[in-house]
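Observations on the three-dimensional arrangement
Next come the chains, spelled out residue by residue.
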Amino acid sequence: MNPHIAFLGGGNMANAIIGGMIKQGFNPSLLSVVEHNANTRDKLTEQFHISCHESVSTVQNVDIWVLAVKPQNMRDALTDLTPLLHTKQMLVSIAAGLTTATLSSWSGNHSKIARTMPNTPAMVSQGVTGIFAPTSVFSTDEQIALDNIFKTIGSTVWLDTESQIDSITAISGSGPAYVFYMMEHLAAAAVELGFDSATADLLVKQTFAGAVALANTSEDSLTTLREKVTSKGGTTAAALNAFSSDGMDKALHHGTQAACERAKELAVELAK
Ligand SMILES: NC(=O)C1=CN([C@@H]2O[C@H](COP(=O)(O)OP(=O)(O)OC[C@H]3O[C@@H](n4cnc5c(N)ncnc54)[C@H](OP(=O)(O)O)[C@@H]3O)[C@@H](O)[C@H]2O)C=CC1
Ligand SMILES: O=C(O)[C@@H]1CCC=N1
């Protein structure tokens, strides 16, 4: 039997997951959202025909609560939910930083808590979700149920340790923003080279889409694919040398480390 899944928080990421699940044929009558912003509730109802609630108290028979509020709002959100929780219900957090220990202490020592880290391409069924739901807490059937949910929105990667959630947050959770950042700058560079902005957007989007499609279908490594574009003494080599001397490679490493550190900082700051 399919589980009834309720989202606590109906913002950007919940919207992306719900959109992806429904696109893949998940029954909307088994999805609910608790969202305190009336406009957001109206939009979700109109867009997905799911049941939206102002308060947790009006949602019945939930099997899985997806905790989808900002880390900074989680404690308050769980204060409302905790009196209604029963031990068999799964709490599945998508929040950056917050540890299972903190989530448990904010939910009356609830133990069935999984951590996940999805990303916004979930909306187009191209997401990737890191999942930490250890066998010490979750049965095989429960792990399969979780995997099935996140598989509706893309690929899943199961993690052995909770700290790997911080690492995956820094790569694929935040990653779409890094890609859009690079795309924005490449489009701006195209405009500087004389293209109108519509053409610049087309060139950039199709270059990223084409490169990803090639990487996904080719036997070649990412390095070989890059080398195949880079003619000796040619234009690509000129660009890559400039990127390297401007420290773009180092910047990518520093950026992901900063994201991972921020996840760890959030965990400490918010647990106080
Ligand atoms: N955005 C992303 O790409 C990703 C986000 N995440 C995680 O997902 C979580 C949500 O992020 P995101 O969707 O971007 O955030 P949003 O702010 O877009 O969504 C959170 C929503 O929850 C509402 N809300 C806050 N408190 C409550 C409450 N007590 N009860 C009901 N609703 C409440 C907020 O309303 P209001 O705005 O009025 O406060 C808002 O609409 C975060 O923990 C984040 O770390 C994980 C992976 C990727
Ligand atoms: O920026 C954030 O904190 C969240 C987590 C990953 C993506 N967005």
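Values in this document were obtained by computation on a predicted structure and should not be read as measured data.

As for its position among the elements, His49 is in the loop between helix 2 (38–48) and strand 3 (51–53). When its relative accessible area of 63% is taken as the criterion, His49 is described as exposed. Measuring from C-alpha to C-alpha, the distance between His49 and Leu31 comes to 9.4 Å, with 18 residues separating the pair along the chain. Excluding its chain neighbours within four sequence positions, the residues that come into contact with His49 are Pro28 and Leu44.

UniProt records the feature "domain: Pyrroline-5-carboxylate reductase catalytic N-terminal" (unreviewed entry) for residues 5–97 in the present numbering. In residues 5–97, the share of helix is 33% and the share of strand is 20%. The end C-alpha atoms are 23 Å apart.

Here we come to the pairing of strand 4 (residues 64–67). Within a regular strand, side chains alternate between the sheet's two faces. Residues Ile64 and Val66 line one face of strand 4 and the alternating positions Trp65 and Leu67 line the opposite face, and both faces are buried. Alignment of strand 1 (residues 5–8) against strand 4, held across four bridges, turns out to be parallel. Looking across to strand 4, one finds that Leu8 is bridged to Leu67. Looking at chain direction, strand 4 and strand 5 (residues 90–93) are connected through four bridges and run parallel. Looking at strand 5, one finds that Ile64 is bridged to Met90. What joins strand 4 to strand 5 is helix 3 (residues 74–81), and the crossover it makes is right-handed.

Turning our eyes to something else, we now look at the site of ligand 2. Taken together, Ala96, Gly173 and Ser174 form the complete shell of residues around ligand 2. In isolation ligand 2 exposes 240 Å². Once the protein is present, 43% of that is buried.

On to the site of ligand 1, then. Lining the immediate surroundings of ligand 1 are 21 residues, of which Asn12, Met13, Glu35, Val69 and Ala96 lie closest. Contacts to ligand 1 include Asn12, whose backbone N or O atom sits 2.9 Å from an oxygen atom. For ligand 1, an oxygen atom lies 2.7 Å from a polar atom in the backbone of Val69. Its free accessible area being 890 Å², ligand 1 has 78% of it covered by the protein chains. Along the lines of polarity and charge, the residues of the shell around ligand 1 split into 11 nonpolar, eight polar and two charged.

All right, on to a nonpolar patch on the surface then. On the surface, Leu193, Phe195 and Leu203 cluster together into a nonpolar patch covering about 310 Å² of accessible area. On the secondary structure map, Leu193 appears in the loop between helix 7 (175–192) and helix 8 (197–217). Taking relative accessible area as the criterion, Leu193 reaches 72% and is therefore assigned exposed.

Turning our eyes to something else, we now look at the packing of aromatic side chains. Considering all chains together, one arrives at zero aromatic pairs under this definition. Seen from the ring of Phe138, Lys112 lies directly overhead, with NZ or CZ sitting 5.4 Å from the centre.

Let's shift gears to the nonpolar core. Among the nonpolar cores identified, the biggest contains 29 residues, and Ile5, Phe7 and Met21 are the most heavily contacted of them. Elements supplying a minimum of two residues to this core: strand 1, helix 1 (12–23), strand 2 (31–34), helix 2, strand 4, strand 5 and helix 5 (140–151). For this core, the element with the most residues is helix 1, which contributes six residues. Those residues in contact with Ile5 that lie beyond four places of it in its chain are Met21, Phe26, Leu30, Leu31, Ser32, Ile64, Val66 and Ile149. Judged by nonpolar contacts, the second largest core, of 22 residues, contains Val56, Trp65, Ala77 and Leu81.

All told, the structure shown has eight salt bridges when counted by the stated rule. Between Glu142 and Lys112 there is a salt bridge, with the nearest N and O atoms lying 3.0 Å from each other. Placement of Glu142 in helix 5 and of Lys112 in the loop between helix 4 (100–105) and strand 6 (113–117) is noted, with a sequence separation of 30 residues between them. The pair formed by Glu142 and Lys112 is uniform in burial state, with each residue classed as buried. The partner of Arg115 in a salt bridge is Glu162, and the shortest N-O contact between them spans 2.9 Å. With a gap of 47 residues between them, Arg115 in strand 6 and Glu162 in the loop between strand 8 (154–158) and helix 6 (164–173) connect regions that are remote in the sequence. For Arg115, a relative accessible area of 1% gives the class buried.

Procedures and definitions
Starting afresh in each chain, residues are numbered from 1 along the sequence in its written order. Whichever chain is written first is A, and whichever ligand is written first is 1; the rest continue in order. For this predicted model, a pLDDT threshold of at least 70 governs which residues receive local features, and a threshold of 80 or more governs which side-chain atom pairs are given and counted, while totals over whole chains, interfaces and linings are taken from all residues. To obtain the side-chain values, all non-hydrogen atoms of the structure were included, while hydrogens and water were left out. Only DSSP runs of H or I covering at least 4 residues are called helices, and only runs of E covering at least 2 are called strands; the numbering of each starts at the N terminus. Only protein chains enter the accessibility calculation, which uses a 1.4 Å probe. A residue is then buried if its area is under 20% of the maximum for its type, exposed if over 50%, and partly exposed in between. Contacts are residue-level and defined by heavy atoms, with any inter-residue pair within 4.5 Å sufficient. UniProt positions are given in the numbering used here, feature names are shortened, and annotations may be inferred rather than shown by experiment. Strands pair, by our definition, only if DSSP identifies at least two bridges between them. For the handedness criterion, the strands are oriented away from the viewer, and a crossover whose path from the first strand over the helix to the second runs clockwise is classed as right-handed. The cutoff for a nearby residue is simple: one of its non-hydrogen atoms must lie within 4 Å of the molecule or strand. The Shrake-Rupley method, run with a 1.4 Å probe, gives the accessible areas here. Residue values count only the displayed protein chains as cover. Counting of polar contacts relies on pairs of N or O atoms within 3.5 Å, with two restrictions inside protein: one atom must be capable of donating a hydrogen and the other of accepting it, and residues adjacent in sequence are counted only when both atoms are side-chain atoms. Under the scheme applied, nonpolar residues are Ala, Val, Leu, Ile, Met, Phe, Trp, Tyr, Cys and Pro; charged residues are Asp, Glu, Lys and Arg; polar residues are all the others, including Gly. Distance thresholds for patches are 9 Å for like charges and 5 Å for nonpolar side chains (Val, Leu, Ile, Met, Phe, Trp, Tyr), applied to residues having over 30% relative accessible area and no salt bridge. Salt-bridge detection follows one rule: a side-chain nitrogen of Lys or Arg within 4 Å of a carboxyl oxygen of Asp or Glu. Between 30 and 60 degrees the pair is tilted, below 30 it is stacked and above 60 it is edge-to-face, where a pair is any two Phe, Tyr or Trp rings, Trp via its six-membered ring, whose centres lie within 6.5 Å. Two conditions define a charge sitting above a ring: the NZ of Lys or the CZ of Arg must be within 6 Å of the ring centre, and it must be within 35 degrees of the ring normal. Side-chain atoms within 4.5 Å are what join buried Ala, Val, Leu, Ile, Met, Phe, Trp, Tyr and Cys residues into a set we call a nonpolar core.

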